[in-house]
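One letter stands for each residue in the lines below.
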Amino acid sequence: MNEAMLTAPVALATERRVFAPIRHHSPACAFMVRAAIRQTRPEMVLIEAPSDLEGFVPLLCDAGTIPPVAIVALTLPNAEGTDPGEAEMTYIPFARHSPEFVAIREARAVGARVRFIDLPCASRHDRDPDAGPPVAEQAFGTADFIQAMTRKLALRDGDEVWDHLFETRLGQDDWRGFFADTYAYCAALRATTSVETIAGDDTLAREAAMRWHLRQAGEACVVIVAGGFHVPALIDEAAPATRPVATKLASYLVRYSEDQLDSRSGYGAGLRFARWYDRLWELADAAQGPPDWRQATLEAGLGFAAASAATGRRVGVSQIVELVSIASGLARLKGREAVLARDLIDAARTALVKAEAGTADPYTETMAAWLTGHRLGDVPAAAGQPPLIADARARARHARIDLGDSLRKTRSLDIRRNAAHRNASRFLHQMTLIDTGFAQLREGPDFIAGHRNGLLHEEWLVAWTPLVEARLIAHSGHSATVPRAALHQLEAQRLQLAEDGQGNDLAALTRLVLIGLRAGLARYLAPLVDALKLAIAASPDLGGLAALIGRLSGAAQPDDPLYDPYAPDLVGVCVLAFNQAITLITNLAEAPDMALSQRIDDLRTLDAMLRGPYGERFDHRRFLAALDDLLANRACLPRLAGAVMALLVRAGHQPPTTLATLLRGTLTGVGISPTERAQALEGMIGTAPMLLWLNGEILTAANAALAALDETTFLSALPALRRGFTHLAPHETDRLAEALGEMHGVSAGQLLADETADLALLARAAAADRALGERLAADGLSHWEGT
Amino acid sequence: MTTDAPSVLRQPAEVLYAAELAALAADPGPRPPGWRLTPRAVRAFVVGDPARGITTKFVGDDGLVDRCIVSLMGRQGLMLVGEPGTAKSLLSELLAAAISGTSSLVVQGSAGIIEDHLRYGWNYALLLNLGPKPEALVPSPVMSAMREGRIVRLEEITRCAPEVQDVLISLMSEKTIAIPELGPHREERASPGFNIIATANLLDRGVHDMSSALKRRFNFETVLPIANPAHERDLVARQVAERMAAEPDAATPAPDVIDLIVTVFRDLRTGRLADGATVASPKAVMSTAEAVNVTHAALLDATYLDRGPVSGRHLARQLRGVVFKDDPDDARKLKAYIDIVARDRAGRSSVWKDFFREAQAISRE
């Protein structure tokens with residue numbers, strides 16, 4: 001079929017059938033489609049759009065509908081009692097220069113009926129949402145034909161090739177010749193795309209449905225406006241046609257924005273630089289012919305200068321002149337008069353950047369943003385309520401929240417034991433994230449800050465007010481469901497972090513991840529987690545990494561309230577942080593004394609990972625090797641050495657004798673200060689105190705060393721030693737007392753002397769002390785008190 | 001060592017590719033005033049045109065070449081900036097050879113450059129003998145370019161003192177050099193076809209800032225490292241072969257050896273592995289030119305000291321010395337890279353295994 005498509009003569013325009021192969025959002029195609037409909041005056045205009053959205057045609061023709069607008073379709077109807085769950089959404093955008101939009105309005109003008117002939121939205125939602133743009137769109141960039149064309153024309157990619165060959169023909173009159181050329185181009189795309197790729201998504205099913213609709217048109221005179229990739233399959237009358245199954249769907253017409261039309265931002269079908277193409281369309285429409293390219297270029301230069309001045313980078317007149325002249329030069333070098341979007345971006349780079357610049361620099365980004373625009377379209381009042389409000393109400397009803405009035409009500413949610421309550425909690429956290437004012441958390445565990453984690457219930461105050469609706473309307477421009485709006489906010493917060501220069505702040509990013517988990521957005525957190533991974537790789541902060549590991553490893557445990565089976569691999573993130581921490585361990589020898597306690601705690605956290613439920617995922621060997629290297633460093637302080645040695649002995653990497661020797665050496669050292677004496681012991685207690693009661697050799701060595709000290713040395717070292725032992729938890733002190741008791745043949749109780757002295761005795765001692773003080777003062781000997 | 005040694009170490013581009021330039025000169029089409037080739041032909045010369053037998057000389061960024069050509073057609077000069085080892089001087093030479101037919105009008109920037117090097121000097125013997133006459137004038141390459149309507153190349157312009165750089169400011173606006181010694185109102189006005197291609201490393205030690213007045217007269221283009229790994233591999237293989245052409249005893253390195261060194265350099269340069277994992281990027285510039293140096297050194301090591309084919313072992317030995325020049329932190333980053341990435345790949349490839357073993361042994365010293 002592929003070869004035949006290219007070589008057989010094709011009748012694109014006959015008495016009954018006029019095929020218009022287009023590329024979505026192409027102004028040149030829109031101009032030709034309008035001319036075709038005007039000249040042909042068909043009875044019907046068939047458009048490649050989901051057939052279950054045909055009802056929107058009158059609304060699209062309404063004078064109050066000003067593009068950019070989009071039809072958003074949601075799979076699940078928001079009926080009572082059903083779990084809204086994760087609604088699948090599709091956006092069908094329309095710009096003023098979209099061939100489909102122009103076709104609808106022109107059809108209305110000539111009195112033709114409009115039919116949408118693509119598969120219904122609902123059946124298209126079975127596709128894998130991560131599949132990316134449809135094959136029919138990707139082909140414009142990836143087909144082998146494009147690779148060959150870029151080489152031949154000395155252009156960079158499929159978008160440049162299309163612009164160079166077709167957008168330059170905007171405003172010309174020969175629509176038949178134009179569509180013959182787009183047909184040839186798209187047939188070549190199709191012929192050089194493998195059959196497996198085409199069968200890989202629902203392209204074939206869609207084409208079968210479109211053919212069915214075409215057959216239904218019978219003998220009527222019809223203009224067919226469809227993506228060029230599909231037209232070779234539609235012309236083929238012999239191919240099978242399948243009647244599509246009608247399904248129920250919730251759909252809305254909403255305002256859309258120029259930057260959302262940008263194919264980069266995810267929709268995938270269409271051209272970038274909406275404002276630029278819109279202006280070209282406007283000029284062509286006004287001239288009823290080719291636009292004044294020179295004027296468009298000058299406007300672009302001036303518009304860019306204004307946008308650049310707004311960001312604080314003033315552009316002088318001579319620079320604008322240089323920009324325009326380079327853009328024109330580039331166009332002429334490529335053999336055309338028309339200056340296109342990429343030429344303008346390249347010219348901005350050459351004329352304005354006065355330093356070394358990478359692939360992205362402020363000027364080219366400003367130019368790209370200006371060419372894209374950010375205008376928001378408008379929809380008439382008849383379009384109804386945005387889907388976001390309907391979705392929020394459905395979810396609230398599902399969470400058994402009464403929306404009948406706007407009074408504040410309390411809800412108590414048992415998030416740990418009740419799954420439905422946990423879902424409701426997530427919904428309320430999402431609404432809080434969007435800042436709707438709908439719900440307020442009065443009492444409950446704070447998993448983000450780590451307070452009061454033991455509480456079982458969350459207490460909420462909820463109220464549905466007009467303010468809530470207003471807030472939701474504000475968000476409906478970019479989201480049609482509550483989870484999406486919440487995710488959008490989370491992403492906005494992350495961008496704000498980057499703007500504030502905290503894009504690499506581990507604690508801030510971890511906090512966002514935890515907020516996302518708490519709000520039930522786990523399955524969408526991959527980009528945020530990727531940002532966190534980048535921050536980890538660049539982090540020089542051992543403490544921050546250890547803290548992150550502590551928090552995220554908790555959330556990865558199945559019994560944790562934040563746990564979600566759809567979350568990204570949090571343990572993997574911990575492993576990355578662990579590896580980064582290992583590279584920083586070698587620098588610990590230079591850590592200042594004040595920070596040492598914290599660093600020893602960090603080492604303990606890292607070591608705990610090796611023993612935790614995911615221990616085999618962490619690199620034991622490198623960790624222990626790094627600790628070895630740290631010990632070998634002569635600058636390593638005794639406290640650090642004690643801590644590190646204890647970890648190595650506990651892991652079995654070093655024999656206990658080394659630790660025993662170190663303890664003995666530091667405790668009985670000659671000429672060292674009292675604080676230093678206790679250092680190694682203190683360090684060891686900081687990371688692996690259990691060695692004292694689990695390993696007889698170490699306990700014996702420590703005990704013997706302390707016993708060997710003379711009275712004065714021991715007393716001077718006593719405060720530091722006592723400080724070291726305060727780090728032990730009460731149950732650890734008990735274990736140590738037991739072990740010591742066994743060693744010395746006494747009971748543990750005798751060692752743990754009961755410190756609660758007789759109250760009366762204390763009172764008499766205090767009185768005596770006071771009396772003595774007064775006596776000394778009376779005798780003029782108060783300076784003796786200090787001795 | 002070889003039977004017929006070349007008469008010079010390196011030929012200029014217009015001699016090396018004389019045949020291609022002659023073929024391109026025959027192309028019809030309008031030429032900007034003073035240009036020997038049409039802009040399209042210049043593009044074809046630099047970027048290559050397999051259909052006509054024109055070799056690709058500059059790999060990587062075709063869009064960059066387009067913008068350079070368009071800049072040179074206008075009134076602004078062209079300033080090529082970027083990290084060391086990205087072939088800025090090569091591009092400057094190719095453009096000059098194609099547009100003006102000569103790439104030898106060059107001023108090498110350094111701290112010793114004075115105004116005379118940019119304007120004109122005197123042959124003092126003739127000056128004393130004849131007095132201030134045109135015969136006694138020694139034109140700088142800039143003045144020669146202005147007279148002949150050609151491109152002059154200013155290499156490493158930021159290494160000149162700022163006062164000397166600023167000579168260019170009025171020269172580039174007025175496109176004229178006044179020569180008062182020859183008489184009142186005597187000046188040399190540039191003929192059409194005159195332009196300046198400058199190169200600079202902006203972020204290096206020992207460079208001065210350019211004044212913004214001077215920056216305004218240039219269009220800056222950043223030459224980035226090669227984005228496509230396959231292109232980089234081809235380039236390294238080709239350049240190593242050129243360098244080893246004088247040593248017939250050397251065996252050609254196996255493709256996976258080139259692949260290893262290019263991969264190591266790309267991983268460390270970009271800070272990312274092929275699967276998206278991040279690695280710490282050392283401060284030393286890991287340019288393609290350095291990769292060629294490392295491979296060349298490894299080949300010499302293998303051929304003359306080891307008397308065997310080059311393997312990962314030799315690359316590991318040369319890597320540290322050639323690449324890590326100042327920062328001790330870089331040594332730590334390399335160690336981490338070897339410890340994790342090289343160890344992992346050693347399990348799957350014998351070349352990487354050799355590399356890893358030798359690198360580990362070296363890092364233990």
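Because the structure is predicted, anything quoted here is derived from the model rather than measured.

Student: Looking at this model, I keep getting lost on the overall build of chain A. Mind explaining?
Tutor: Counting its secondary structure elements, chain A contains 38 helices and ten strands. Rg of the C-alpha trace for chain A: 37 Å, well past the compact-globule value of 28 Å for 787 residues, more than 25% over. In terms of overall dimensions, chain A has C-alpha extents of about 120 × 65 × 60 Å along its principal axes. Sorting the 787 residues of chain A into buried and exposed places 52% on the buried side. If you sum the accessible surface of chain A, you get close to 35,100 Å²; carbon and sulfur atoms cover 54% of it. When the 77 basic and 95 acidic side-chain charges of chain A are each reduced to a single mean position, those positions are 4 Å apart.

Student: What am I meant to see in the sheet that holds strand β7 (residues 250-255) of chain A here?
Tutor: Sheet strands line up and pair through hydrogen bonds in the backbone, either parallel or antiparallel. Residue and element names in this part refer to chain A. Read from one edge of the open sheet, three strands run β4-β3-β7, paired in antiparallel fashion. For this open sheet the edge positions go to β4 (89-94) and β7, each flanked by a neighbour on one side alone. With direction set aside, neighbouring strand axes in the sheet form an average angle of 20°.

Student: Looking at this structure, how should I read the side chain of E358(B)?
Tutor: As for its placement among the helices and strands, E358(B) is situated in helix α17 (residues 350-364). Leaving out residues up to four positions away in the same chain, E358(B) has contacts with R313(B), A316(B) and R317(B).

Student: When you look at helix α27 (residues 593-611) of chain A in this model, what are you seeing that I'm missing?
Tutor: Along an α-helix, a turn takes 3.6 residues, which lines up residues three or four apart on a common side. Residue and element names in this part refer to chain A. Between its first and last C-alpha atoms α27 spans 28 Å; for 19 residues at 1.5 Å apiece the expected length is 27 Å, and the two agree. Buried within α27 are the following residues: A595, L596, R599, I600, D602, L603, L606, D607, M609 and L610. Down the axis of α27, the smallest arc covering the buried residues is 165°, so these residues share one side. In this structure, the buried residues of α27 make contact with α25 (542-555), α26 (570-585), α28 (620-632), α29 (638-650) and α32 (679-687).

Student: Which parts of the structure should I look at to understand the interface of chain B and chain A?
Tutor: As a measure of interface size, the accessible area lost when the parts come together is often cited. Each partner contributes to the interface: chain B provides 30 residues, whereas chain A provides 29 residues. Surface buried jointly by chain B and chain A totals about 2,500 Å² across both partners, of which 55% is contributed by carbon and sulfur atoms. It is R67(B), V70(B) and R332(B) in chain B that bury the most area against chain A; as a group they hold 21% of the surface buried on that side. Taken together, the connections running from chain B to chain A amount to two salt bridges. For D346(A), the salt bridge goes to R67(B), with nearest N and O atoms at 3.4 Å. Inspection of the chain B/chain A interface yields nine residue pairs in polar contact (both at pLDDT 80 or more). Of all elements in the fold, only α3 (39-47), α4 (62-73), α11 (212-216), β9 (218-222) and α16 (328-346) of chain B reach the threshold of two or more residues within the side of chain B that touches chain A. Residue contributions to the side of chain B that touches chain A peak at six residues, all from α16(B).

Student: Just to check I follow, could you spell out the domain arrangement of chain B for this structure?
Tutor: Residues and elements named next belong to chain B. Each domain of chain B was delimited in the assignment, giving domain 1 (13-222) and domain 2 (229-364). Taking the mean C-alpha position of each, domain 1 and domain 2 sit 36 Å from one another. The largest per-residue losses of area from domain 1 upon contact with domain 2 belong to V59, P84 and G85, which jointly make up 61% of the total buried on that side. Counting the contacts that link domain 1 with domain 2 gives zero salt bridges. Applying the counting criterion to the domain 1 and domain 2 interface returns zero residue pairs in polar contact (both at pLDDT 80 or more). Of the residues that constitute the side of domain 1 that touches domain 2, the class distribution is two nonpolar, two polar and two charged.

Student: Explain the packing of α26(A) against α27(A) to me, please; I cannot follow it from the model alone.
Tutor: The relative placement of two packed helices comes down to the angle between their axes together with the axis-to-axis distance. Residues and elements named next belong to chain A. Packing of α26 against α27 leaves a shortest axis separation of 12 Å and a crossing angle of 135°. With respect to each other, α26 and α27 are oriented oblique. Viewed along their axes, α26 and α27 form a crossing whose handedness is left-handed. For the pair α26 and α27, contact is made by F578, A581 and I585 and by L603, L606, M609 and L610, respectively.

Student: Help me understand the nonpolar core in this model?
Tutor: The tendency in soluble globular proteins is for nonpolar side chains to be buried as a group. All names here are of chain A. Counting residues in each nonpolar core, the largest one holds 117 residues, and the members touching the most others are F179, Y185 and W276. It is helix α9 (residues 175-191) that contributes the most residues to this core, nine residues altogether. Each residue touching W276, except ones within four places of it in the same chain, is listed here: A296, T297, A300, V339, L340, A341, L344 and L371. Of all hydrophobic cores here, the second largest spans 90 residues; its members include F438, L584, L624 and L648.

Student: Help me understand the packing of α29(A) against helix α30 (residues 656-667) of chain A in this model?
Tutor: Residues and elements named next belong to chain A. Direction vectors running N to C along α29 and α30 enclose 160°, while the axes themselves pass 9 Å from each other. For the element pair α29 / α30, the angle class is roughly antiparallel. For the pair α29 and α30, the sense of crossing is left-handed. From α29, P638, A641, G642, M645, A646 and V649 reach across to α30, where they touch P656, T658, L659, L662 and T666.

Student: Where do I start with the environment of R422(A) in this structure?
Tutor: Residue and element names in this part refer to chain A. Structurally, R422 can be placed in helix α20 (residues 419-433). Through-space distance from the C-alpha of R422 to that of A519 is 9.8 Å; in sequence the pair is 97 residues apart. Non-local contacts of R422, meaning those with residues more than four positions away in its chain, are made with I415, R416 and P561.

Student: Hey, could you run me through helix α22 (residues 482-499) of chain A in this one?
Tutor: Residues and elements named next belong to chain A. End to end, α22 covers 26 Å across 18 residues, agreeing with the expected 26 Å (1.5 Å per residue, within 8%). Buried residues belonging to α22 abut α19 (387-398), α20, α21 (466-475), α23 (506-518) and α24 (526-537). Looking one or two residues beyond α22, the residue adopting positive phi is G501, at roughly 80°.

Student: When you look at the sheet that holds strand β8 (residues 409-414) of chain A in this model, what are you seeing that I'm missing?
Tutor: Residue and element names in this part refer to chain A. In space, the three strands of this open sheet follow the order β8-β10-β9, with antiparallel pairing throughout. Looking at strand neighbours, the two that pair on one side only are β8 and β9 (439-443), the edges of this open sheet. Averaged over all neighbouring strand pairs, the angle between strand axes comes to 30°, with direction disregarded. As paired strands, β8 and strand β10 (residues 457-462) are joined by six bridges and run antiparallel to one another. Pairing of L413 across the sheet is with E458, part of β10.

Cut-off values and rules
- Residues numbered from 1 in each chain as written.
- Chains lettered and ligands numbered in written order.
- Predicted model: local features only at pLDDT ≥ 70, side-chain atom pairs only at ≥ 80, totals over all residues.
- Heavy atoms only, no water.
- Helix = DSSP H or I, 4+ residues; strand = E, 2+ residues; numbered from the N terminus.
- Rg over C-alpha atoms; globule rule 2.2 N^0.38 Å.
- Buried < 20%, exposed > 50% of the residue type's maximum accessible area, 1.4 Å probe, protein only.
- Areas by Shrake-Rupley, 256 points an atom, 1.4 Å probe, with all protein chains shown as cover.
- Lys, Arg positive; Asp, Glu negative; His and termini not counted.
- Charge placed at Lys NZ, Arg CZ, Asp CG, Glu CD.
- Pairing = 2+ DSSP bridges.
- Axes fitted to C-alpha atoms, helices over the stretch in contact; angles between N-to-C directions.
- Contact = heavy atoms within 4.5 Å.
- Expected span 1.5 Å × (residues − 1).
- Arc of directions from axis to C-beta.
- Buried area = accessible area lost by both parts, 1.4 Å probe.
- Salt bridge = Lys/Arg side-chain N within 4 Å of Asp/Glu carboxyl O.
- Polar contact = N/O pair within 3.5 Å; in protein donor to acceptor, adjacent residues only side chain to side chain.
- Domains from an automatic or database assignment.
- Nonpolar A, V, L, I, M, F, W, Y, C, P; charged D, E, K, R; others polar.
- Parallel < 35°, antiparallel > 145°, perpendicular 65-115°, else oblique.
- Left-handed = near helix turned anticlockwise from the far one by under 90°.
- Core = buried A, V, L, I, M, F, W, Y, C linked by side-chain atoms within 4.5 Å.

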